[in-house]
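Summary of the model geometry
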Amino acid sequence: MKKLFALVLALAMALSLVACSSSSSSTPAADPDPAASTPAEPAPAAAAPTDVPNAEKPVIFFNRQPSNSQTGELDMDALTFNDKTYYVGFDAVQGAELQGQMIVNYLQNQDPETLDRNGDGIIGYVLCIGDIGHNDSIARTRGARLALGTAMPDPNQGLSEVKGINDVDSQPIGTNKDGSSTTVQDGTITIGGKEFIVRELASQEMKNNSGATWDAPTAGNAINTWVGDFGDQIDVVVSNNDGMGMAVFNAWSHEAGVPTFGYDANSDAVAAIADGYCGTISQNADVQAYLTLRVLRNALDGVDIMTGISTPDAAGNVLDSSVYKYDEATRCFYALNGAVTADNYESYLDATAANPGFSNQLSEADAPTMKVWLDIFNSTDNFLNGTYLPQLENYDGVLNLDVEYIKGDGQTESNITDRLANPDAYAGFAINMVKTDNAAAYTSKLQ
């Protein structure tokens, strides 16, 4: 009995000591080996934005500019949703003109007898169109047609002549074997001192049966149909993006030796330049991804919106003025584009590499961790998931942003907006819409 009593007493004393050691004390016990016993500092928890109304939280639209899908007119109601709303994308017109010029430069430096595969004096091309209601796709279609001389005025604008890229009709033509289309006209190009007709033989929106646009498998199927219709009349392939361009390249044009051009500088497309893919356009995804999160970070912190962009932040992050521009009137940031060809493709091989010029870690004291909601409109889109998302992940931790990434089906807004059921849990939002004229489907969730 005495032994049992002694054991209980000892246990009680030990519990008492444990309880005392967990209470506050002005004289902590000495640690015989502080370095060995100090636990790793836990990552800070994301700040809970419960004190800010959702309608006043930062909203960054990216990649798909809020606009009218028919006219391209910017949706200024969306872009001025609150004083912390901005758009981040790239200069669609500059990139489209660059792609068109890249194609012309290439063609003018080829052997005309080899380029004109059937010797009919016509350089025939086919065009893969992404989304007929998307500003970027519209611009790229216009840019190619304007450069190749096949542009016609846009009847939706009531135009009778083309004075610039924004005047060009961007609608698909279906097929145009004899050059009688009223949406495009025959152009001309001089190659090796000989003048050739340039004809858009076919174009279509690459939209699958479920409604997803910019669809690579659809493009791969379309080229097989076009080859059946036109055979060796097809001398060039032009695509609004690399996903569709590479689908055509892999399905037919690589083996056929037909020049193929895309847009986005996806890693697989850049690598394929060594194997005959003729060129693409880099829209500087690293700059876009950084800007998407940087503008959001600045809006969260209430600092000058150009912090870490035109002026260095406390960690030294800054962008060179040659890689972006800002239109204050429309609250839009645009990355500038670069042509990627056989002359320079090696420097673009890793499209997911972080840029050291703006990869410096922000301090928690200057920029406390915040939880934000960000969606990718299409979980199967090559550029968004293979290039843009890895770039976002390069910078989210650097900028102390705890990002919840939401992936959509590329077909319906509700597939994304239904997952914005608890906006109170987030400090800010980065939105990549399915359709450019559906911004209200998102902002209504924040009212």
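Scroll up to find the structure this text is about.
Please read these numbers as outputs of a predicted model, since none were measured by experiment. (Residues numbered from 1 in each chain as written. Predicted model: local features only at pLDDT ≥ 70, side-chain atom pairs only at ≥ 80, totals over all residues. Heavy atoms only, no water.)

Topic: the overall build of the protein
Under the convention used in this document: Helix and strand assignments come from DSSP, with helices taken as H or I runs of at least 4 residues and strands as E runs of at least 2, each series counted from the N terminus. Residue exposure (1.4 Å probe, protein chains only): buried if accessible area is under 20% of the type maximum, exposed if over 50%, otherwise partly exposed. When checking whether two residues touch, look at their non-hydrogen atoms; a contact exists if any pair is within 4.5 Å. Per-residue and other accessible areas follow the Shrake-Rupley method at a 1.4 Å probe size, with only the shown protein chains counted as cover for residues.
Looking only at helices and strands, one finds 13 helices and 15 strands in the protein. Scored against the burial criterion, the 447 residues of the protein give a buried share of 51%. Nonlocal contacts in the protein, meaning residues at least 24 apart in sequence, comprise 71% of its contacts between residues at least 6 apart. Taken as a whole, the protein presents about 19,500 Å² of accessible surface, with 51% of it coming from carbon and sulfur.

A closer look at the environment of serine 322
Defined as follows: Any N or O atom pair separated by 3.5 Å or less is treated as a polar contact, with the protein-specific requirement of one donor-capable and one acceptor-capable atom, and with residues adjacent in sequence counted only for side-chain atom pairs.
Residue placement: serine 322 occurs in the loop between helix 10 (285-301) and strand 10 (324-327). Through-space distance from the C-alpha of serine 322 to that of leucine 336 is 7.6 Å; in sequence the pair is 14 residues apart. Looking at serine 322, its side chain comes within polar contact range of the side chain of aspartate 320, at 2.6 Å.

Considerations on the pattern of salt bridges
Let me state the cut-off plainly: Any carboxyl oxygen of Asp or Glu that lies within 4 Å of a side-chain nitrogen of Lys or Arg is treated as forming a salt bridge with it.
Inspection of every chain in the model, using the stated rule, returns 11 salt bridges. Residue arginine 64 pairs with aspartate 131 through a salt bridge whose shortest N-O separation is 3.9 Å. Taken together, the residues arginine 64 in the loop between strand 1 (59-62) and helix 3 (76-79) and aspartate 131 in the loop between strand 3 (122-129) and helix 6 (135-148) connect sequence positions 67 residues apart. Across the pair, exposure class does not vary: arginine 64 and aspartate 131 are buried alike.

Description of the packing of helix 10 against helix 11 (residues 382-396)
Keep this limit in mind: To get an axis, fit a line to the C-alpha atoms, keeping to the stretch in contact for a helix; angles then go from 0 to 180 degrees between the N-to-C directions. For classification, angles of less than 35 degrees are called roughly parallel, those exceeding 145 degrees roughly antiparallel, those between 65 and 115 degrees roughly perpendicular, and all remaining angles oblique. When the near helix sits turned anticlockwise from the far one by under a right angle, the crossing is termed left-handed; a clockwise turn instead gives a right-handed crossing. Under the scheme applied here, ten amino acids are nonpolar (Ala, Val, Leu, Ile, Met, Phe, Trp, Tyr, Cys and Pro), four are charged (Asp, Glu, Lys and Arg), and all others, including Gly, are polar.
Across the interface, helix 10 lies against helix 11 with an axial gap of 8 Å and an inter-helix angle of 55 degrees. Comparing their axes, helix 11 and helix 10 come out oblique. Helix 10 and helix 11 meet at a crossing whose hand is right-handed. Of the residues in helix 11, those touching helix 10 at Ala285, Asp286, Gln288, Ala289, Tyr290, Thr292 and Leu293 are Phe383, Thr387, Tyr388, Gln391, Leu392, Tyr395 and Asp396. In the contact of helix 10 with helix 11, the residues fall into 8 nonpolar, 4 polar and 2 charged.

Details of the packing of helix 7 (residues 216-230) against helix 8 (residues 242-256)
Contact pair helix 7 / helix 8: the axes reach a minimum separation of 8 Å and the direction vectors enclose 45 degrees. Here helix 7 lies oblique to helix 8, going by the angle between them. Relative to helix 8, helix 7 is oriented so that their crossing is right-handed. Between helix 7 and helix 8, the contacting residues are Ala216, Ala219, Gly220, Ile223 and Val227 on the first element and Gly243, Met244, Ala247, Val248, Ala251 and Trp252 on the second. Taken together, the residues that form the contact of helix 7 with helix 8 break down as 9 nonpolar, 2 polar and no charged.

Things to note about the pairing of strand 2 (residues 85-90)
The test is simple: Strands were regarded as paired on the criterion that DSSP finds at least two bridges between them.
For strand 2, the buried fraction is high: 6 of the 6 residues fall into the buried class. Here strand 2 runs beside strand 11 (residues 332-335); their pairing, made up of 4 bridges, is parallel. The residue of strand 11 that forms the bridge with phenylalanine 90 is alanine 335.

Remarks on the packing of aromatic side chains
So the rule is basically this: Here the aromatic set is Phe, Tyr and Trp, taking the six-membered ring for Trp, and pairing holds for ring centres within 6.5 Å; pairs whose planes are under 30 degrees apart are stacked, those over 60 apart are edge-to-face, and all others are tilted.
A complete count under the given rule lists 12 aromatic pairs for this structure. When the ring of phenylalanine 62 is compared with that of tyrosine 388, the centres are 5.4 Å apart and the planes differ by 40 degrees; the resulting orientation is tilted. On the criterion of sequence distance, the pair formed by phenylalanine 62 in strand 1 and tyrosine 388 in helix 11 is long-range, its members being 326 residues apart. Each member of the pair phenylalanine 62 and tyrosine 388 is classed as buried. Here tyrosine 326 and phenylalanine 333 contribute two aromatic rings whose centre-to-centre distance is 4.1 Å and whose plane-to-plane angle is 20 degrees, an arrangement assigned as stacked.

Overview of the sheet that holds strand 10
With mixed pairing, the 7 strands of this open sheet are ordered in space as 10-11-2-1-15-13-14. On the outer flanks of this sheet lie strand 10 and strand 14 (401-407), each paired with one strand and no other. Taking each pair of neighbouring strands and ignoring which way they run, the sheet shows an average axis angle of 20 degrees. In this sheet, strand 2 lies alongside strand 1 in parallel orientation, the contact comprising 4 bridges. Along strand 2, the bridge assignment pairs valine 59 with threonine 85.

Some thoughts on helix 4 (residues 92-108)
As a reminder of what qualifies: Working rule for helices: expected span equals 1.5 Å times residues minus one.
Here helix 4 contains 17 residues, and its C-alpha end-to-end distance of 24 Å stays within 8% of the 24 Å for a straight helix at 1.5 Å per residue. Taken residue by residue, helix 4 has Ala92, Gly95, Ala96, Gln99, Gly100, Met102, Ile103, Val104 and Leu107 as its buried positions. Sitting at the amino-terminal end of helix 4 is aspartate 91, which places a side-chain oxygen 3.3 Å from the backbone nitrogen of valine 93.

Interpretation note: all reported values are geometric properties and have no functional meaning in isolation.
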